[in-house]
Amino acid sequence: MRGCEKRLANGLKWIGLIIAAMVGAGYASGREIWEFFGHESGLAILIFTVLFIISCQVILKLSYEMKTAHYLPVLKELLGGKMSRIYDVGIFFYLFMTFFVMISGSGATFSTFGVPNFVGIAFIVIFLLAIVPFGMGGIITINRIMSPVLIIGLASVLLYFAWDHHVSFFSNLTKQSNWASSIPFTSLNILPLVAILGAIGKEIKSKKEIYIASIGSGLILGGTSFLYNTNLIHVADQLIIYEMPLFAVLHGYPMILFVLMSVLLWFAIYTTAMTNIFSLLSRLRETIKLKDIQLSIIIIIFALPFTFFGFRNLISYLYPLYGVINLYILAAILIYPILKRADIRNI
């Protein structure tokens, strides 16, 4: 029984890490969901959930078997030598891109309250530099606390909004023309999965942890995405006004709820930026012989100029672009178990 409880606890720990990597500024604010889904997307979200569970399972299993400390060995196994070198650069720039998008998201969150953008940017930079010396242990500890709070808080607000506005979840089920958007949305989120999960292979103790983590995180994210998207459809005519669609959902509610959700949104941004900088450090520390804190300062200095392009613009242009670029690696992940089984059976 004790072994079972240990595996469950570890599986939940990895769920927290996956959710922290996924639920950043783009997702938690609703901007990423609205960019890909919207009307007639129920089937798209279901397909995304299935693809996400399969992808998590493949990546985690590879990481576990190879006992990896960073993502490059997983990438080589999935793509081979030449393509892995190309996607190694792609993953690095994706992590860097989402890192400065998160920093920009912190500025956008602060500016909602009339606080200058640069204050929000400085605030998250200070907290990022504070966590770096604690390494992976510090990140896991924060994720273990914040990920459940984040998902429960977000789901509670969305459920209350749906109840208060009599939102129908299952209208127009026969109209699902946007199903294909599930592919670029999944592929967009594949790179952080490879980057984050490829760095924890040596920490995974059993295959049961893998099943708990992949199925649990997939169902949580799929359910939350469906709930979020349905609510955003209900306020679709107001979304043009808000840089962060979440605030359209909160419009008209007491200020305390607005502040509370803004705090949760900021923590979503922070945990994603945190996991991203950890992944960047795990990749760089083998080639650049500097202390983690020094490397972190260099990364932040290079990221800061990009944070002033505007949160909405960064999401609107960069995320769909990477969603298309990543289609190849998504296909490689999905067919990997089939090719592996065929190789074992000498087909």
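Look up a bit, the structure's there.
These notes cover the structure that comes with them. (Residues numbered from 1 in each chain as written. Predicted model: local features only at pLDDT ≥ 70, side-chain atom pairs only at ≥ 80, totals over all residues. Heavy atoms only, no water.)

**A look at the overall build of the chain**
As a reminder, the rule being used: Secondary structure follows DSSP: runs of H or I at least 4 residues long count as helices, runs of E at least 2 residues long count as strands, and numbering of each begins at the N terminus. The globule rule used for comparison is 2.2 Å times the number of residues to the exponent 0.38, while the radius of gyration itself is calculated over C-alpha atoms. For every residue, the accessible area obtained with a 1.4 Å probe (protein chains only) is divided by the maximum for its type, and the residue is called buried under 20%, exposed over 50%, and partly exposed between those limits. Per-residue accessibility takes into account occlusion by the displayed protein chains alone, with areas from the Shrake-Rupley method and a 1.4 Å probe.
Of regular secondary structure, the chain possesses 16 helices and zero strands. In terms of overall size, the chain behaves like a compact globule, its C-alpha atoms giving a radius of gyration of 20 Å where 347 residues would be expected to give roughly 20 Å. In terms of overall dimensions, the chain has a C-alpha envelope of 60 × 50 × 45 Å along the principal axes. Across the 347 residues of the chain, 54% fall into the buried class. Accessible surface for the chain amounts to roughly 15400 Å². Of this, 69% is attributable to carbon and sulfur atoms.

**Considering helix H10 (residues 190–197)**
Burial within H10 is extensive, with eight of its eight residues counted as buried. Turning to H10, its buried residues number three or more, namely Ile-190, Leu-191, Pro-192, Leu-193, Val-194, Ala-195, Ile-196 and Leu-197.

**Some points on the nonpolar core**
Selection criterion: Here, nonpolar core means buried Ala, Val, Leu, Ile, Met, Phe, Trp, Tyr and Cys residues that are tied together by side-chain atoms lying within 4.5 Å of each other.
Ranked by size, the top nonpolar core spans 114 residues in total, and within it Val-23, Leu-75, Phe-99, Ile-124, Val-194 and Ile-329 carry the most contacts. A total of 15 residues in this core trace back to one element, the largest contributor, which is helix H13 (residues 255–284).

**Looking at the side chain of Ser-279**
If you trace the backbone, Ser-279 turns up in helix H13. By relative accessible area, Ser-279 is classed as buried at 0%.

**Notes on the environment of Gly-42**
Counted only if it meets this: Contact criterion: two residues are considered in contact whenever any of their non-hydrogen atoms come within 4.5 Å of each other.
Relative to the elements of secondary structure, Gly-42 occurs in helix H4 (residues 42–66). Each C-alpha atom, one on Gly-42 and one on Lys-175, is 9.0 Å from the other, the two residues being 133 residues apart in sequence. Residues contacting Gly-42, with those up to four places away along its chain left out, are Gln-176 and Phe-226.

**A closer look at the packing of aromatic side chains**
Inclusion rule: Stacked, tilted and edge-to-face are the three classes applied to pairs of Phe, Tyr and Trp rings, where Trp contributes its six-membered ring and a pair requires centres within 6.5 Å; stacked means planes under 30 degrees apart, edge-to-face means over 60, and tilted covers the rest.
Inspection of the entire model under this criterion finds 19 aromatic pairs. A ring pair is formed by Phe-48 and Phe-185, whose centres lie 4.8 Å apart and whose planes are at 75°; its orientation type is edge-to-face. Of the two residues, Phe-48 sits in helix H4 while Phe-185 sits in helix H9 (residues 182–188), which places them 137 residues apart along the sequence. Plain terms: the ring middles of Phe-96 and Phe-100 are 5.6 Å apart, the flat faces sit at 80° to each other, and that makes the pair edge-to-face. Within this pair, Phe-96 and its partner Phe-100 are both found in helix H6 (residues 81–111), separated by four residues, close to a single helical turn.

**Some details on a nonpolar patch on the surface**
Stated precisely, the cut-off is as follows: Only residues whose relative accessible area exceeds 30% and that take part in no salt bridge are eligible for patches, with like-charged residues grouped when within 9 Å of each other and nonpolar side chains (Val, Leu, Ile, Met, Phe, Trp, Tyr) grouped when within 5 Å. Here a salt bridge means any side-chain nitrogen of Lys or Arg lying within 4 Å of a carboxyl oxygen belonging to Asp or Glu.
Together, Leu-43, Leu-46, Val-50, Ile-54 and Trp-179 make up a nonpolar patch on the protein surface, roughly 450 Å² of accessible area in all. Within the fold, Leu-43 resides in helix H4. Judged by its relative accessible area of 35%, Leu-43 is partly exposed.

**Things to note about the packing of H6 against H10**
As a reminder of what qualifies: An axis is simply a line fitted to the C-alpha atoms; with a helix, the fit covers only the stretch in contact. Between two such axes, the angle follows the N-to-C directions and lies from 0 to 180 degrees. Any angle between 65 and 115 degrees counts as roughly perpendicular, while under 35 counts as roughly parallel, over 145 as roughly antiparallel, and the rest as oblique.
Two elements in contact, H6 and H10, have axes separated by 10 Å at closest approach and are oriented at 100°. Considered as vectors, H6 and H10 are oriented roughly perpendicular to each other. For the pair H6 and H10, contact is made by Tyr-87, Gly-90, Ile-91, Tyr-94 and Leu-95 and by Leu-191, Pro-192, Val-194 and Ala-195, respectively.

**A look at unusual backbone geometry**
At Glu-40, a residue that is not glycine, the phi angle is positive and equals roughly 55°. Taking relative accessible area as the criterion, Glu-40 reaches 31% and is therefore assigned partly exposed. Positioned with a positive phi, His-166 is a non-glycine residue whose angle comes to about 55°. Structurally, the position occupied by His-166 is in the loop between helix H8 (135–164) and H9.

**Details of the packing of H6 against H13**
As a reminder of what qualifies: By definition, turning the near helix anticlockwise from the far helix through less than a right angle yields a left-handed crossing, and turning it clockwise yields a right-handed one.
For the pair H6 and H13, interaxial distance at closest approach is 9 Å and the crossing angle is 155°. Overall, the two elements H6 and H13 adopt an arrangement that is roughly antiparallel. The handedness of the crossing between H6 and H13 comes out as left-handed. Across from Asp-88, Phe-92, Leu-95, Phe-96, Thr-98, Phe-99, Met-102, Gly-105, Ser-106, Thr-109 and Phe-110 in H6, the residues of H13 making contact are Ser-262, Leu-265, Trp-266, Ile-269, Thr-272, Ala-273, Asn-276, Ile-277, Ser-279, Leu-280, Arg-283 and Leu-284.

**Quick word on H4**
The cut-off we apply is this: Multiplying one less than the number of residues by 1.5 Å gives the expected span of a helix.
In a regular helix each residue adds 1.5 Å, so 25 residues correspond to 36 Å; H4 covers 37 Å between its end C-alpha atoms and thus fits that length. Positive backbone phi, approximately 50°, marks Lys-67, located one or two places after H4.

**Some thoughts on the environment of Leu-221**
Examined against the element boundaries, Leu-221 turns out to sit in helix H11 (residues 207–234). For Leu-221, a relative accessible area of 0% corresponds to the buried category. For the pair Leu-221 and Met-22, spaced 199 residues apart in sequence, the C-alpha to C-alpha distance is 8.5 Å. When sequence neighbours within four positions are dropped, the list of residues in contact with Leu-221 reads Met-22, Val-23, Tyr-27, Phe-48 and Phe-52.

Don't take any of this as a statement about function, it's just geometry.
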